[in-house]
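# A look at the structure
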Amino acid sequence: MFIGGYVSAAGLGLTCPEWPLCPSGVLPNEEYLIEWIHRFVAATTGTLVIATSVASWINKNAGRKIKFTSIFAATLVITQITLGAMVIDLKLHAVLVAIHLGVGILLFAMVLLTTLFAFKITKSTIKAKT
Ligand code: HEM
């Protein structure tokens, strides 16, 4: 979200006009660096969020709350990456950029809640063992 804010405020949103890769290919060059970092962090975040939701579904100690927040976060991250592509395709359409920001905030909230629930599970598991 921090890098996205910078991309937007610095007017770099269309420096890399293609999706999913910039014209330089898998690796960035100076021209597309900030946009490339935004996409790289998004891809890494997306993988971690999806892995967390799979882990919460197969963990026997995980309750309904963490299952819900983690699956919701996974859905949001997929939506957010798709929206990112549409933001580029529709040349930074204001409504889409606003939705991209809103989904980012909701995603942050779900990841935060998932983390809080995960700490609760760890605490209760430690308590049960002692
Ligand atoms: C986890 C995934 C992502 C998150 C959390 C995220 C978050 C954000 C945020 C918070 C902004 C700033 C919005 C604003 O200030 O109004 C932003 C801007 C932007 N994002 Fe993302 N983003 C993600 C993925 C992507 C992807 C995959 C792409 C494109 C391939 C993308 C393209 C853009 C562009 C072009 C802007 C700048 C819009 C403008 O110039 O106004 N984002 N992003």
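Structure report, in brief. (Residues numbered from 1 in each chain as written. Predicted model: local features only at pLDDT ≥ 70, side-chain atom pairs only at ≥ 80, totals over all residues.)

We now examine the packing of helix H3 (residues 64-89) against helix H4 (residues 94-129). At a closest axis distance of 8 Å, the pairing of H3 and H4 adopts a crossing angle of 155 degrees. As judged from the angle between their axes, H3 and H4 are roughly antiparallel. The handedness of the crossing between H3 and H4 comes out as left-handed. Looking at side-chain class alone, the contact of H3 with H4 contains 20 nonpolar, eight polar and one charged residues. (Axes fitted to C-alpha atoms, helices over the stretch in contact; angles between N-to-C directions. Helix = DSSP H or I, 4+ residues; strand = E, 2+ residues; numbered from the N terminus. Parallel < 35°, antiparallel > 145°, perpendicular 65-115°, else oblique. Left-handed = near helix turned anticlockwise from the far one by under 90°. Nonpolar A, V, L, I, M, F, W, Y, C, P; charged D, E, K, R; others polar.)

Before going further, it helps to spend a moment on the site of the ligand. As a structural note, the neighbourhood of the ligand is formed by 25 residues, with Gly 4, Ser 8, Gly 13, Ala 42 and Gly 84 the closest of them. Only helix H1 (2-9), helix H2 (33-58), H3 and H4 provide two or more residues apiece to the shell around the ligand. Here the element with the most residues in the shell around the ligand is H3; it accounts for seven residues. The class makeup of the residues in the shell around the ligand is 13 nonpolar, eleven polar and one charged. (Near = placed C-beta within 6 Å.)

With that settled, consider the packing of H2 against H3. Contact geometry for H2 and H3: axes closest at 8 Å, N-to-C directions at 155 degrees. With respect to each other, H2 and H3 are oriented roughly antiparallel. The hand of the H2/H3 crossing is left-handed. On H3, the residues that touch Ala 42, Thr 45, Gly 46, Val 49, Ile 50, Thr 52, Ser 53, Ser 56 and Trp 57 of H2 are Ile 66, Lys 67, Ser 70, Ile 71, Ala 73, Ala 74, Val 77, Ile 81 and Gly 84. Counted by class, the contact of H2 with H3 contains ten nonpolar, seven polar and one charged residues. (Contact = placed C-beta atoms within 7 Å.)

This part is about the nonpolar core. Listed in full, the eight residues of the largest apolar core are Val 49, Ala 73, Ala 74, Leu 76, Val 77, Leu 107, Met 110 and Val 111. Every element with two or more residues in this core is listed here: H3 and H4. The element best represented in this core is H3, accounting for four residues. (Core = buried A, V, L, I, M, F, W, Y, C linked by C-beta atoms within 7 Å. Buried ≥ 20, exposed ≤ 12 C-beta atoms within 10 Å, placed from the backbone.)

On to H4, then. Here H4 contains 36 residues, and its C-alpha end-to-end distance of 53 Å stays within 8% of the 52 Å for a straight helix at 1.5 Å per residue. Within the span of H4, buried status applies to Leu 107, Met 110, Val 111, Thr 114 and Phe 117. Contacts from the buried residues of H4 go to H2 and H3. (Expected span 1.5 Å × (residues − 1).)

Turning next to unusual backbone geometry. A cis amide bond links Trp 19 to the next residue, Pro 20, at an omega of 5 degrees. Secondary-structure assignment places Pro 20 in the loop between H1 and H2. The residue Lys 91 is not glycine, and still its phi comes out positive at about 50 degrees. Structurally, Lys 91 is set in the loop between H3 and H4. You can call Lys 91 exposed: it has 10 C-beta atoms within 10 Å. The phi torsion at Leu 92 lies on the positive side, around 60 degrees, for a residue other than glycine. With respect to the helices and strands, Leu 92 occurs in the loop between H3 and H4. C-beta crowding within 10 Å serves as the criterion here: with 14 such atoms nearby, Leu 92 is assigned to the partly exposed category.

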